[in-house]
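Each chain, letter by letter, is given below.
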Amino acid sequence: MGQLIKVCKALTIAGSDSGGGAGIQADLKTFQEFGVYGMSVLTAVTAQNTQGVQGVYPVPLAGLEQQLISIGSDLKPDAVKTGMLFSGEYIERTAYYIEKFGWNNLVVDPVMVAKGGATLLGNEALEAMKKHMLPLAKVITPNVPEAEALTGMEITNDEAGREAARILLDKGADCVVIKGGHLEEELVTDLVSNGDKIWELVDQRVYTKNTHGTGCTLSAALTAELAYGKTIESAVQNAKNFIQIAIAHGIDVGSGHGPVNHFAYRRILHEQL
Ligand code: PXL
C-alpha cells in the first residue's frame, strides 16, 4: 500500500527525560498523537524520574552538530521546536544550523529550569538565547519565570505581561505565548501576541501534582499544528485544548510529579478514557 495522505514532519531539538514525561519523549508522543511524523535531535540525556533530575549528561557538541546535519541534508521538517538546549555554545551551534537549513517554522520553548529546580540551561546561555535563537523564532513559549529572565522585568499582572510580550517581539520572535500557569490564579490565562494583536487563552486551573512535561507538550502540540500549516491563531488554541485535557487526566505514576497524559485527547475524542 502506498502513502494514504501527505505526511507532515516535525523535528524536536531537546533533551531526553528518562522518566518519559518531558523532553523529547513528550515531544515525540505528542507529535504522534497529532498524526505528525516525529524526528529528534538530542542535546543532552537527563537521568530523571517523578521525584526530580538526578543527572544531566550533554551529548558531545560534534554529536549534536552531526544529528542536525543528518536531518538537514535529507529530511525536511515542516516545523521544528527547541526545548532544553543545555548551554550557550549548544544554542549558538543549533541556531547556526536552523538558519542554514531554513527551518523557519520554528517554536522556541526557552526551557531553563525543571520542576523541582534543576538547571537545564546555564545562566551564561541567556544571552545566547536572546541573541541567536529569538530572532529565528516563529513562536516563543516562555512561562512567567522564563519571560522574566529573558526580559529582565518582573511580571505580576496582565499589564506587565503585555509589556514583556512587546519586549520579546522586539527581540525578534514573530509571536509570543506567555503561559500563565505559574501565576497561581483560578483561571489560567496564556497571553498571545503577534505584534498586530494581543489575545488571551483562558482555561480553568486543574489542581493536580501530575503536571510534569506541561511546557514541552504544549510547545510540541503547537509545533505539530504548524507542521500541518495551521495559522498561529488556531495552532495555539488547539495546542491549549490538547494540554488542558492532558493535565486534567495526568498519569499517576511514581511518587513525585507524574506526567501529563499525552493520549488523553485522542481517547476522549474517539474512545472512552
Ligand atoms: O519541562 C522542561 C524540560 C525540558 N526538557 C527536559 C526536561 C524538562 C523538565 O524536566 O527534563 C529534558
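Attention in this report is confined to the structure presented alongside it. (Residues numbered from 1 in each chain as written. Predicted model: local features only at pLDDT ≥ 70, side-chain atom pairs only at ≥ 80, totals over all residues. Heavy atoms only, no water.)

Digging into the packing of aromatic side chains
Now for step 1: A full pass over the atoms with the stated rule returns 6 aromatic pairs.
Now for step 2: Judged by centre distance (4.9 Å) and plane angle (45°), the ring pair of Phe-34 and Phe-242 falls under tilted. Here the residue Phe-34 occupies a position in the loop between α1 (23–33) and β2 (37–49), and Phe-242 occupies one in helix α8 (residues 232–248), the gap between them amounting to 208 residues. Just as Phe-34 is buried, Phe-242 falls in that class too.
Now for step 3: Ring centres 5.2 Å apart and planes at 65° place the aromatic pair Phe-86 and Tyr-90 in the edge-to-face group.
Now for step 4: Here a set of aromatic residues connected by ring pairs shows up, and it is made of Tyr-96, Tyr-97, Phe-101 and Trp-103.
Now for step 5: Stacked on the ring of Tyr-96, the Lys or Arg Arg-93 has its end atom at 4.7 Å from the ring centre.
Now for step 6: Its end group placed over the ring of Trp-199, Lys-197 keeps NZ or CZ at 4.5 Å from the ring centre. (Phe/Tyr/Trp six-rings, centres within 6.5 Å; stacked < 30°, edge-to-face > 60°. Helix = DSSP H or I, 4+ residues; strand = E, 2+ residues; numbered from the N terminus. Buried < 20%, exposed > 50% of the residue type's maximum accessible area, 1.4 Å probe, protein only. Lys NZ or Arg CZ within 6 Å of the ring centre and 35° of its normal.)

Remarks on helix α3 (residues 88–100)
Now for step 1: With 13 residues, α3 ought to run about 18 Å at 1.5 Å a step, and its terminal C-alpha atoms sit 18 Å apart, in line with that.
Now for step 2: Turning to α3, its buried residues are Gly-88, Tyr-90, Ile-91, Arg-93, Thr-94, Ala-95, Tyr-97 and Ile-98.
Now for step 3: In the stretch just after α3, Gly-102 is the one whose phi turns positive, near 70°. (Expected span 1.5 Å × (residues − 1).)

Some points on the environment of Gln-204
Now for step 1: Note that Gln-204 resides in strand β9 (residues 198–204).
Now for step 2: On the basis of relative accessibility, which here comes to 44%, the residue Gln-204 falls in the partly exposed class.
Now for step 3: Gln-204 sits 40 residues away from Gln-244 along the chain, and the two C-alpha atoms are 8.6 Å apart.
Now for step 4: What Gln-204 contacts, discounting residues up to four positions off in sequence, is Glu-186, Leu-187 and Gln-244. (Contact = heavy atoms within 4.5 Å.)

Considerations on the sheet that holds strand β6 (residues 139–140)
Now for step 1: Within the open sheet, the 9 strands sit side by side as β3-β2-β1-β4-β5-β6-β7-β8-β9. Their pairing is mixed. Unpaired on one side and paired on the other, β3 (52–58) and β9 mark the two borders of the sheet.
Now for step 2: Relative to strand β5 (residues 106–108), strand β4 (residues 79–82) is paired through 3 bridges, and the arrangement is parallel. The partner of Val-80 across the bridge, within β5, is Leu-106.
Now for step 3: Sheet strands touched by α1: β1 (9–17), β2 and β4. Its angle to β1, the strand with the most contacts, is close to 150°. (Pairing = 2+ DSSP bridges. Axes fitted to C-alpha atoms, helices over the stretch in contact; angles between N-to-C directions.)

Some thoughts on the pairing of β1
Now for step 1: Counting buried positions along β1 gives 8 out of 9 residues, so the element sits mostly inside the fold.
Now for step 2: Inspection of the sheet shows β1 paired to β2 by 8 bridges, in the parallel sense. Across the sheet, Ile-13 pairs through a bridge with Val-41, a residue of β2.
Now for step 3: Viewed along the sheet, the connection from β1 through α1 into β2 turns out right-handed.
Now for step 4: Bridge count between β1 and β4: 4 bridges; the pairing is parallel. Residue pairing across strands places Ala-10 opposite Ala-79, the latter belonging to β4. (Right-handed = clockwise from strand over helix to strand, strands pointing away.)

Worth remembering: the numbers are spatial, not functional.
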